[in-house]
Number of protein chains: 2
Amino acid sequence: MSTNVRVVVDAMGGDNAPGEIVKGALMALEAQKNLTLIFTGRKKPLEAELKKYSYDADRVETVFAEEVIEMAEPPVAAIRKKKDSSIVVGLNMVKRQEADAFVSAGSTGAVLAGGQLIVGRLKGVERPPLAPLIPTANGVSLLIDCGANVDARASQLVQFAKMGSIYMERVVGVKRPRVAIVNIGAEEEKGNALVKETMPLLKECKEIHFIGSIEARDIPYGAADVIVCEAFVGNVILKLYEGTSSMLLQQVKRTLLSSLQTKLGALLIKPALKKTLKGFDASQYGGAPMLGLKGLVVKTHGSAKAAEVRQSVIQCVHFSKQRINEKISKQLAADTTSESREA
Amino acid sequence: MSTNVRVVVDAMGGDNAPGEIVKGALMALEAQKNLTLIFTGRKKPLEAELKKYSYDADRVETVFAEEVIEMAEPPVAAIRKKKDSSIVVGLNMVKRQEADAFVSAGSTGAVLAGGQLIVGRLKGVERPPLAPLIPTANGVSLLIDCGANVDARASQLVQFAKMGSIYMERVVGVKRPRVAIVNIGAEEEKGNALVKETMPLLKECKEIHFIGSIEARDIPYGAADVIVCEAFVGNVILKLYEGTSSMLLQQVKRTLLSSLQTKLGALLIKPALKKTLKGFDASQYGGAPMLGLKGLVVKTHGSAKAAEVRQSVIQCVHFSKQRINEKISKQLAADTTSESREA
């Protein structure tokens, strides 16, 4: 059991806690033999939930935390004040290396702030980016950074590109991932000050397969595997992508239900349409990892159900087994060495 | 005829020039009695195209320009070099007040650069934004700025908000348009440096109906009428919105054609679906105005067909009749006065 990957699961976070969270984590336990789960959360609801299932009790622990950080709370203040919340307790276990990873569907702000303040950055990492996987017409792309750190510097974007590339190759399994930077045109002279400064630095990176600019219109078609951007832009991309998809599907659905004729048509196309849309279900890929920390922190959607939680926990196992953090440390350390040599 | 609105139309710009351009402009001529058209472009193809139609020749002029600015040319260099191109000739007519407005489906970069370099800014305008209308589940919103001027300052965003508000109210006809700034969360402390600096300035504006932040996911639902942002972010929004929509519709279409059963279903839902999608056809609203210039410059899609060109020309008539530029000048001048009073 000593070689098991230990994942702390926030049983209190998200719209469907603790039911779907506990269910999904136990599904992962069933699928992964070398996994130990540590649930954090309020004693009463957590124990009540666990009682519903039969599972390998040797690989499940509970650490109670009676406070809960609400979605609307200012993140940094909440992290500092609520020491006995599932998020703070869970992150502290990662910090003390009592766990390898932490999964939460709770407040994004609190998870991000806690990741930095409690777990802390790997040596050499300037900023830990949040990097969700987004479904495209052609598989899945990593959008890095969508985190809380807006107004990034060029050197930070370069680190995002390297960390994202390692993640896509080792955890998601994309060989030689194509890395691109979000820009407003393909021509050399296009871009804002940050992109113009970052572009030549990315071109110099031998460790990544940099393919240049990506225009936003090509993102849904999967034109790059790792999409590098500053967090404000990344957040706009993530939310607009979700918003546009949900609005259009709502319109299509409404149209299908608008008359008897369309309802009949809908019956005929429903199975095929469901299959198509399943390809765009991000939950099959798990949550968004926060990279560059001394341990893994994964943020799943607030609306995550069991399938996404399951996948997020399994993602932690891959991350840990693939020793992603060692690879990130090694690559960023190599850079420091070459920089100091140049200096 | 002296009170006619005079619109110069670039007969050479876009994928469907001169055919669809000439056709669309003449459709506008038919619809608007107080409109005079001035076509610029190469003599031979332009005259050949005009011969195909019968129209009120008293209200149609031609000014020949034998050069053409290609899409891939560096914009500023092209504007400086190709003095006899339809874009340069057309913009010069607006500059000399021989025309009120210029409509082009040609190179966006060249039109934007030419607008600034040739027509010039209204007094008090720091930057002329490009402001396309985007279709939403709830009508149409003005996205301002999607232009070439990235890395804007807070004072410039405030001007965008004011100009956009005037445009939506007077040209599009939205009463008391809701103005919002693109942000990554609704909470007060959210945002990048630019948004945090701009927010209090917008709150102080008495002339506009400012409703605060808009998250990208709410844009497709039409949560604001005037969506203020810096041009890099605006460009990402515009292109991602177009890209996501076209990708999803492509997927739905492919699904509908995937089997005999779905093809039958498709036949039943086609009329209703077509009607729904028509609501999202941006061309019914015309092109994107470049605001804050000494005259109106409208950029239509490169792929614009007659219907969009027609609408863009009619948009110029409304703009001119509503004396939008006088209103913009007056409001920005009022600001300067109040600022100097405060100083």
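Residues numbered from 1 in each chain as written. Chains lettered and ligands numbered in written order. Predicted model: local features only at pLDDT ≥ 70, side-chain atom pairs only at ≥ 80, totals over all residues. Heavy atoms only, no water.

1. Thoughts on the overall build of chain A
As a reminder, the rule being used: Every helix listed is a DSSP run of H or I at least four residues long, and every strand listed is a run of E at least two residues long, numbered separately from the N terminus. This radius of gyration counts C-alpha atoms alone. The globule rule is 2.2 Å times how many residues there are, raised to the power 0.38. Here's how the labels work: a residue is buried when its accessible area is under 20% of the maximum for its type, exposed when over 50%, partly exposed in between, all with a 1.4 Å probe on protein chains only. For the accessible areas, the method is Shrake-Rupley and the probe is 1.4 Å, while residue cover comes only from the protein chains on display. Positive charges are assigned to Lys and Arg, negative charges to Asp and Glu, while His and the chain termini are left out of the count. Taken as the charge location is NZ of Lys, CZ of Arg, CG of Asp or CD of Glu.
Scanning chain A from N- to C-terminus turns up 11 helices and 11 strands. For 343 residues, the compact-globule estimate of 2.2 N^0.38 gives 20 Å, and chain A sits close to it at 21 Å. By principal-axis analysis of the C-alpha atoms, chain A measures approximately 65 × 60 × 35 Å. A burial count over chain A gives 57% of its 343 residues as buried. When the accessible area of chain A is evaluated, it comes to approximately 14,800 Å², of which 52% is carbon and sulfur surface. Measuring between centres, the 46 positive side-chain charges of chain A sit 4 Å from its 37 negative side-chain charges.

2. Remarks on the packing of helix α1 (residues 19-31) of chain A against helix α2 (residues 43-50) of chain A
Residue and element names in this part refer to chain A. Using the following cut-off: Lines are fitted to the C-alpha atoms to define the axes, a helix being fitted only along its stretch in contact, and any angle between axes, read from their N-to-C directions, falls within 0 to 180 degrees. Working rule for angles: under 35 degrees goes down as roughly parallel, over 145 as roughly antiparallel, 65 to 115 as roughly perpendicular, anything else as oblique. In this scheme the handedness of a crossing depends on how the near helix is turned from the far one: anticlockwise by less than a right angle means left-handed, clockwise means right-handed. The contact rule is simple, with two residues in contact once any of their heavy atoms fall within 4.5 Å.
Relative orientation of the contacting elements α1 and α2 amounts to 50 degrees, with a least axis distance of 10 Å. Here α1 is positioned oblique relative to α2, judged by the angle of their axes. Handedness of the crossing formed by α1 with α2: right-handed. Contacts between α1 and α2 involve G19, V22 and L26 from the first element and L46, E49 and L50 from the second.

3. Remarks on the interface of chain B and chain A
Basically, it comes down to this: Defined here as a combined quantity, buried area equals the accessible surface (1.4 Å probe) lost by two parts on assembly, summed across both. Whenever a carboxyl oxygen of Asp or Glu lies within 4 Å of a side-chain nitrogen of Lys or Arg, that contact is scored as a salt bridge. Counted as a polar contact is a pair of N or O atoms within 3.5 Å, where, for protein atoms, one must be capable of donating a hydrogen and the other of accepting one, and residues adjacent in sequence contribute only when both atoms are in side chains.
Contacts between the two partners involve 52 residues from chain B, matched on the other side by 52 residues from chain A. Between chain B and chain A, the buried area comes to about 4,700 Å², and carbon and sulfur atoms account for 73% of it. Among the residues of chain B in contact with chain A, I184(B), F232(B) and L240(B) are the three that bury the most area, contributing 15% of the side total. Summed over the shared surface of chain B and chain A, the number is three salt bridges. Residue E215(B) pairs with K239(A) through a salt bridge whose shortest N-O separation is 2.4 Å. At the boundary of chain B with chain A, the tally comes to 14 residue pairs in polar contact (both at pLDDT 80 or more).

4. Regarding α2(A)
Side chains of residues three or four places apart in an α-helix project in the same direction, reflecting 3.6 residues per turn. All names here are of chain A. We count it as follows: To obtain the arc, one takes the directions from the helix axis to the C-beta atoms.
Those residues of α2 not exposed but buried are L46, E49 and L50. Viewed along the axis of α2, the buried residues span an arc of 95 degrees, placing them on a single side of the element. On its buried side, α2 packs onto α1, β2 (35-41) and β3 (60-64).

5. Describing the state of the cysteines
Residue and element names in this part refer to chain A. So the rule is basically this: Pairs of cysteine sulfur atoms within 2.5 Å are what we label disulfides.
Under the definition given, this model contains zero disulfides over all chains. Looking at the unpaired C146, the closest cysteine sulfur is the one in C229, lying at 5.8 Å. Residue class for C146 comes out buried when judged on its relative accessible area of 5%. Looking at C316, it has no disulfide partner, and the nearest cysteine sulfur is the one in C146, 18 Å off.

6. Digging into the packing of aromatic side chains
All names here are of chain A. So the rule is basically this: Side-chain rings of Phe, Tyr and Trp, where Trp is taken by its six-membered ring, are said to pair if the distance between their centres is within 6.5 Å; with planes under 30 degrees apart they count as stacked, over 60 as edge-to-face, and otherwise as tilted.
Counted by the stated rule, this structure contains two aromatic pairs over all chains. Summarising the aromatic geometry, the rings of Y167 and F319 are spaced 6.1 Å apart at their centres and angled 45 degrees between planes, so their arrangement reads as tilted. In this pair, Y167 is assigned in helix α6 (residues 154-172) and F319 in helix α10 (residues 306-321), connecting sequence segments 152 residues apart. Exposure remark for F319: the relative accessible area of 4% places this residue in the buried category.

7. What about the nonpolar core?
Nonpolar side chains in soluble globular proteins tend to end up buried together. Filter applied, for reference: To form a nonpolar core, buried Ala, Val, Leu, Ile, Met, Phe, Trp, Tyr and Cys residues must be joined to one another through side-chain atoms within 4.5 Å.
Membership of the largest hydrophobic core comes to 174 residues, with the highest contact counts inside it found for L37(A), F39(A), L37(B) and F39(B). Ignoring any residue separated from it by four or fewer positions in sequence, one finds F39(B) in contact with V9(B), A11(B), V22(B), A25(B), L26(B), L46(B), L50(B), V60(B), E61(B), T62(B) and V63(B).

8. Notes on the sheet that holds strand β3 (residues 60-64) of chain B
Residues and elements named next belong to chain B. Applicable threshold: Strands qualify as paired when DSSP identifies two bridges or more between them.
Sheet architecture is open: six strands sit in the order β3-β2-β1-β4-β11-β10, paired in mixed fashion. Every other strand in the sheet has two partners, leaving β3 and β10 (288-290) as the edge strands with one partner each. For this sheet, the mean angle separating the axes of adjacent strands, direction not counted, is 25 degrees. As paired elements, β10 and strand β11 (residues 296-299) share three bridges and run antiparallel to each other. Considered in β11, the bridge of A288 is made with K299. The sheet strands contacting helix α10 (residues 306-321) are β1 (5-10), β2 (35-41), β4 (101-104), β10 and β11, and the helix crosses β1 at an angle near 150 degrees.

9. What about the side chain of Q159(A)?
Residue and element names in this part refer to chain A. Within the secondary structure, Q159 sits in helix α6. On the basis of relative accessibility, which here comes to 10%, the residue Q159 falls in the buried class. Not counting the four nearest positions on each side in its chain, Q159 is found in contact with G124, V125, E126, R127 and L332.

10. Overview of the pairing of β3(A)
All names here are of chain A. The criterion, for reference: Throughout, right-handed denotes a crossover for which the path from the first strand over the helix to the second runs clockwise when the strands point away from the viewer.
The sheet contact formed by β2 and β3 spans five bridges and is parallel. Pairing of L37 across the sheet is with V60, part of β3. For the handedness criterion, the β-α-β arrangement of β2, α2 and β3 is classed as right-handed.

11. Looking at the sheet that holds strand β5 (residues 133-136) of chain A
Residue and element names in this part refer to chain A. As summarised here, the arrangement of the five strands in space is β5-β6-β9-β7-β8, forming an open sheet in which the pairing is mixed. Single-partner strands in this sheet number two, and they are β5 and β8 (209-215). The mean inter-strand angle of the sheet, taken between neighbouring strand axes irrespective of direction, is 30 degrees. As paired strands, strand β7 (residues 178-183) and β8 are joined by six bridges and run parallel to one another. Looking at β8, one finds that A180 is bridged to G212. Relative to strand β6 (residues 139-144), α6 is tilted by about 150 degrees, and along the sheet it contacts β5, β6, β7 and β9 (226-228). Lying over the sheet, helix α8 (residues 231-256) contacts β5, β6 and β7, oriented at roughly 45 degrees with respect to β5.

12. Looking at unusual backbone geometry
The step from A17(A) to P18(A) runs through a cis peptide bond, and the omega angle for that step is -5 degrees. Relative to the elements of secondary structure, P18(A) occurs in the loop between β1 (5-10) and α1. One non-glycine residue, Q97(B), lies in positive phi territory at about 60 degrees. Relative to the helices and strands, Q97(B) resides in the loop between α4 (86-95) and β4. Take Q97(B): its relative accessible area is 63%, and that puts it in the exposed class. Positive phi values are uncommon outside glycine, yet R323(B) reaches one of about 50 degrees. Among the residues examined, R323(B) registers a relative accessible area of 49% and is labelled partly exposed.

Structural measurements only, silent on function.
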